[in-house]
Amino acid sequence: MMAVAGAFFSTFGTLTLAQDEDAVSGRYPHEDGHVEGTLDGSTLRGTWEQRDTGKRGAVELMFDDQGNAFQGFWTFEGASEPRSRWDGTRLDLAPREAGGSPGSWNSSAGGPLLSGPLVGEVGEHDARIWVQAREPSELTLTVHGPGGVVARETVTPRWDEWLCATIAVSSLSPGTDYDYELQGPAGITPAFHFRTAPPETARTAKIPFGSCFWDWPNPALSIFDAISEEEGDLLVLLGDSCYFDACDIPTEHTMMLAQLRNRNNAAFRKLVATTPTVAVWDDHDFGPNDTDARFEGKHRAFSTFKRVWANRTYGTADAPGVFSRLRSGPVDIFLLDSRSYRGLEGNNLLGAAQLDWLLRELRASTAPVKLVASPSQVLPSYPVAKGWDCFHRDGPAELEALLSAIERHDVRGVVFVSGDLHMANLMHLPGRPLGGGGRGPDFWELTASPLANDPWREAAGGDPTLLREVIDMTNYGVVDVDLDRAGAEVQFLLKDASGATIFEQPIPLEDLRAR
Ligand SMILES: [Fe+2]
């Protein structure tokens, strides 16, 4: 018998259901509403009555496999049409004893996992594998190298963590391919593979990136297959990796269900089971559209985010957030958090603590290429007139502090990537004059968006930094680094959903320094 008791965020307010075998009764606040019905499989059929007004009629609610959400209809008494929608999402994770499930849409039907695996951040010597287990029992990750088993780690995922766990393995070798599988009481997964980060001395690195993944019910998102075929060293997701709707925001459970439904998309699942992936958030996987750090749900959004991704670190001890620095061969990557501190210090996007961290880490980096990965656009100013999020609108002083620090301290090899826009842009800001007759480094930025959402189709209409724009198709970006490719040590590529190159931009490392 499916368990449907509990509270649901629904079209007519919170619907609270009680269940006795197949008999279900419920209350909702709209006009003192009551529901009575019978559960048949996963469908509840019955009547509704609003006692304040005497209105009544029929209701039919279809639950998902986990009993975590329903989609349904209601009609007035005596009328079979028109039917109107009545949808709902469970507000809290139901206890296991009560038949609850931490799974979301499209959870795996069999085997030891409900969701995953996802290869998270990898280092030269370690890797992090994320899973959502099927049950709160021991789960063992086994990693095979060229000469046999090199690591075995066992964890016991917890119900109050939605059975999610990130399993870290160490003692691995740089730039090396490994196979892995997971085993629990419900069986063993197929073998997947991953590659550890290239050594710092490596001359090449390939870093695909993208943003804005809305179309989770579509199993045929070829763009994720194309990214998979890149065999990148690291995939960087720049936010809106899921979209919170109003019904996804009320609680940590509803946020988890939203994150997991994207995770369980067939094409995405295949990609992240083998390509090391790190993520930051933008507005939609943080809270409501264009929201800032005053959002009341930011703490549950943060717990949710850390539970479903497997970055190594999240902010600093003094300033929690989704920002971090990681290394992939010749590239240091600086992931920025565009939401945790936005709007708290007046017109700011990063916040003082994150900006200090960024400037300090950029100066400390010895990597030949320093990739600053920002959800919000960095260099263009045209979005200001459009009313769109960007550094020029939301953190102009922070932007100037960042660019002038790079110039003043001659921080070499900095390039920017960004997302958010639902269109692709290539920006170039030639080296600005410095005191004493010299000039600063050129600044380059590639914005890639959307991965799987509707293109916005609105031309920029002119911007001094804008070289190219693609406004009518889904896309992803690639930062391709080859220190031995003279004059094009860094290459930006924009690719379409089939993996075909839309444009490419070579960038000489020589231009990325004060001159
Ligand atoms: Fe988006």
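As shown above, the structure is provided for reference.
Starting from 1, residues in each chain are numbered consecutively following that chain's sequence as written. Only residues with pLDDT of at least 70 are given local features in this predicted model, and only at 80 or more are side-chain atom pairs given and counted; all residues enter the totals for whole chains, interfaces and linings.

Colleague: Looking at this structure, how should I read unusual backbone geometry?
Modeller: Most peptide bonds take the trans form, and the phi angle of most residues other than glycine is negative. Going from E81 to P82, the amide bond is cis rather than trans, its omega being -10 degrees. In this structure, P117 follows G116 across a cis peptide bond, with omega equal to 5 degrees. Secondary structure elements are defined from DSSP: runs of H or I of at least 4 residues count as helices, runs of E of at least 2 residues count as strands, and each element is numbered from the N terminus. Residue placement: P117 occurs in strand 9 (residues 113-122). At L163, a residue that is not glycine, the phi angle is positive and equals roughly 60 degrees. Among the structural elements, L163 can be located in the loop between strand 12 (148-155) and strand 13 (164-169). We classify L163 as buried; it has 25 C-beta atoms within 10 Å. The phi torsion at D290 lies on the positive side, around 60 degrees, for a residue other than glycine. Structurally, the position occupied by D290 is in the loop between strand 19 (277-279) and helix 4 (298-308). Each residue is classed by its C-beta neighbour count within 10 Å, where at least 20 other C-beta atoms makes it buried, 12 or fewer makes it exposed, and intermediate counts make it partly exposed; the C-beta atoms are placed from backbone geometry. Judged by local crowding, D290 falls into the partly exposed class, with 13 C-beta atoms found within 10 Å.

Colleague: Sorry, what's going on with the pairing of strand 2 (residues 13-20) here?
Modeller: A regular strand carries its side chains on alternate faces of the sheet. Whether two strands pair comes down to DSSP finding at least two bridges between them. Relative to strand 2, strand 1 (residues 6-10) is paired through five bridges, and the arrangement is antiparallel. Each residue of the ladder has a partner; that of A7, found in strand 2, is T16. Taking the residues that link successive antiparallel strands as the turn, the strand 1-strand 2 hairpin has two residues. Note that strand 2 and strand 3 (residues 23-28) share five bridges and pair antiparallel.

Colleague: How should the nonpolar core be read in this particular structure?
Modeller: One recurring pattern in soluble globular proteins: nonpolar side chains tend to sit buried together. In terms of nonpolar packing, the biggest core is built from 137 residues, with F209, V236, L371 and A373 touching the most fellow members. Non-local contacts of V236, meaning those with residues more than four positions away in its chain, are made with I207, F209, V278, I333 and A373. We define the nonpolar core as any set of buried residues of the types Ala, Val, Leu, Ile, Met, Phe, Trp, Tyr and Cys, connected via C-beta atoms lying within 7 Å of each other. In this description, any two residues whose backbone-derived C-beta atoms lie within 7 Å of each other are considered to be in contact.

Colleague: Hey, could you run me through the environment of R45 in this one?
Modeller: Positionally, R45 belongs in strand 5 (residues 43-50). In sequence terms R45 and R83 are 38 residues apart; their C-alpha atoms lie 14 Å from each other. Apart from residues lying up to four places away in sequence, R45 is in contact with G37, T38, D40 and E60.

Colleague: What's the story with the environment of A5 in this structure? I'm lost.
Modeller: By secondary structure assignment, the location of A5 is in the segment before strand 1. Here the alpha-carbon distance between A5 and F244, two residues 239 residues apart in the chain, equals 24 Å. Contact partners of A5, with chain neighbours within four places excluded, come to L17, A18, Q19 and A98.

Colleague: Just checking my understanding: could you explain the packing of helix 2 (residues 252-263) against helix 4 for this structure?
Modeller: Two packed helices can be described by the angle between their axes and the distance between those axes. One can describe the packing of helix 2 onto helix 4 by two numbers: an axis separation of 9 Å at closest approach and a directional angle of 35 degrees. When the axes of helix 2 and helix 4 are compared, the crossing they make is right-handed. In this structure, helix 2 uses E252, M255, M256, Q259, L260 and R263 to contact helix 4, whose residues at the interface are R300, A301, S303, T304 and V308. When the residues that make up the contact of helix 2 with helix 4 are grouped by side-chain class, the tally is five nonpolar, three polar and three charged. Throughout, an axis means a line fitted to C-alpha atoms (over the contacting stretch in the case of helices), and angles, computed between N-to-C directions, take values from 0 to 180 degrees. Throughout, a crossing is termed right-handed when the near helix is turned clockwise from the far one, and left-handed when it is turned anticlockwise from it by less than a right angle. All residues other than Ala, Val, Leu, Ile, Met, Phe, Trp, Tyr, Cys, Pro, Asp, Glu, Lys and Arg, Gly among them, are scored as polar; the first ten of these are nonpolar and the last four charged.

Colleague: What am I meant to see in helix 8 (residues 396-408) here?
Modeller: Because an α-helix completes one turn every 3.6 residues, residues spaced three or four positions apart along the sequence face the same direction. In this model, helix 8 (13 residues) spans 18 Å end to end at C-alpha, consistent with the 18 Å of a helix rising 1.5 Å per residue. For helix 8, every residue scored as buried is listed here: E398, L399, L402, I406 and E407. Buried residues along helix 8 sit against helix 5 (352-364), helix 7 (391-394) and strand 23 (414-418). Note on helix 8: the residue one or two positions beyond its end, D410, has a positive phi of about 45 degrees. Multiplying 1.5 Å by the residue count of a helix minus one yields the expected span of that helix.

Colleague: So what exactly am I meant to see when it comes to the sheet that holds strand 9 here?
Modeller: The strands making up a sheet are joined through hydrogen bonds of the backbone, oriented either antiparallel or parallel. Read from one edge of the open sheet, three strands run 9-10-13, paired in antiparallel fashion. With partners counted over all chains shown, the strands left at the sheet margins are strand 9 and strand 13, one partner each. Put simply, the sheet's adjacent strands are angled 20 degrees from each other on average, direction ignored. Taken together, the six bridges between strand 10 (residues 127-133) and strand 13 define a ladder with antiparallel strand orientation. Along strand 13, the bridge assignment pairs Q132 with C164.

Colleague: Would you mind going over the pairing of strand 23 with me for this structure?
Modeller: With five of five residues buried, strand 23 is to be regarded as a mostly interior element. Here strand 22 (residues 369-374) runs beside strand 23; their pairing, made up of five bridges, is parallel. Pairing of K370 across the sheet is with V414, part of strand 23. Where strand 23 meets strand 25 (residues 443-447), three bridges bridge the pair, whose relative direction is parallel.

Colleague: Can you help me understand the sheet that holds strand 25 in this one?
Modeller: Across the sheet, seven strands lie side by side as 20-21-22-23-25-24-26; this open sheet has mixed pairing. Each edge of the open sheet is held by one strand with a lone partner, namely strand 20 (324-328) and strand 26 (466-470). Shown here is a sheet whose adjacent strand axes are inclined to one another by a mean of 15 degrees, direction ignored. For strand 20 and strand 21 (residues 331-335), the ladder comprises five bridges, and the chain directions are antiparallel. Its bridge partner lying in strand 21, R327 is registered against D332.

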